[in-house]
Amino acid sequence: MVSAGLEILGLSLCVIGSLLVMVACGLPMWKVTAFIEANIVVAQTIWDGLWMSCVVQSTGQMQCKVHDSVLALSHDLQAARALTIISSVMGVLGLMVVIAGAQCTNCIRAEYVKARVVNAGGIIYIISGLFVLVPLCWMANNIISDFYNPQVPASKKREIGAALYIGWAATALLLIGGALLCCSCPSSGNSGYSVKYAPTKRASQNGDYDKRNYV
């Protein structure tokens, strides 16, 4: 029961983490405009994402434009595109692997093999979390470096957007859930209960039970 509970908890965390990775991949708020000037009243706010850039006017109107060329993007954006997509695909793959080896399914009969399959699914989720962690830290480092660089004009400076925080939360869920799946190995043995039968009492030649049976 304990291993089954760890499987359910770990799988739930990993599924939520994979969904958050997909949300962070699609959101355009990876880089947002930094308000560092004295005048806090601005006419527009700029969002930069993996797939598009958006401009939000002070009136509430928003216009977005998809990136025309992949090669024209910066290296961190190109790496973030590839790694987040790989992480999302690995999340779906890990879900199928864990379901195939879960204790509540009958896809695999042997308990030992099922436990190893679930552990493999946990490893896949951990790798998925590491894949999405790399572009998040890379882009955050570039944003912070440009923010404190005096040679970068104020209009070009950006701040960390909401997508990065969502990605970090997804990474934590994937790593924790994957670790729980790796630890959800059931105890050795095919069953949790062992049945022991007492030896039958043998009768003597005259039909009476042997006195040694009552000692």
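Right, let's walk through the structure included here. Quantities reported herein were computed from a predicted structural model and do not represent experimental measurements.

1. Some words on the sheet that holds strand E3 (residues 52-57)
Pairing between the strands of a sheet comes from backbone hydrogen bonds, and it takes one of two forms, parallel or antiparallel. The strand order across the open sheet built from five strands is E4-E3-E2-E1-E5, with neighbouring strands paired in antiparallel fashion. Among the strands making up the open sheet, the edge pair consists of strand E4 (62-66) and strand E5 (158-160). When strand polarity is set aside, the average angle formed by the axes of neighbouring strands in this sheet is 25°. Here strand E1 (residues 31-33) runs beside E5; their pairing, made up of three bridges, is antiparallel. Within E5, the position partnered with Val 32 by the bridge is Glu 159. Seen against the sheet, helix H3 (residues 111-147) touches E1 and E5 and runs at an angle of roughly 140° to E5.

2. Observations concerning the packing of aromatic side chains
In this description, an aromatic ring pair is defined by two values, namely the gap between the centres and the angle between the planes. With the rule as written, the count across this model stands at two aromatic pairs. For the ring pair Phe 147 and Tyr 148, a centre distance of 5.2 Å and an interplane angle of 85° mean the geometry is edge-to-face. The exposure class of Phe 147 is partly exposed, given its relative accessible area of 24%. Aromatic pair Tyr 165 and Trp 168: ring centres 5.7 Å apart, planes at 75°, arrangement edge-to-face. Of this pair, Tyr 165 and Trp 168 both sit in helix H4 (residues 162-183), separated by three residues, roughly a single helical turn.

Each value, and the rule that gives it
- Residues numbered from 1 in each chain as written.
- Predicted model: local features only at pLDDT ≥ 70, side-chain atom pairs only at ≥ 80, totals over all residues.
- Heavy atoms only, no water.
- Pairing = 2+ DSSP bridges.
- Helix = DSSP H or I, 4+ residues; strand = E, 2+ residues; numbered from the N terminus.
- Axes fitted to C-alpha atoms, helices over the stretch in contact; angles between N-to-C directions.
- Contact = heavy atoms within 4.5 Å.
- Phe/Tyr/Trp six-rings, centres within 6.5 Å; stacked < 30°, edge-to-face > 60°.
- Buried < 20%, exposed > 50% of the residue type's maximum accessible area, 1.4 Å probe, protein only.

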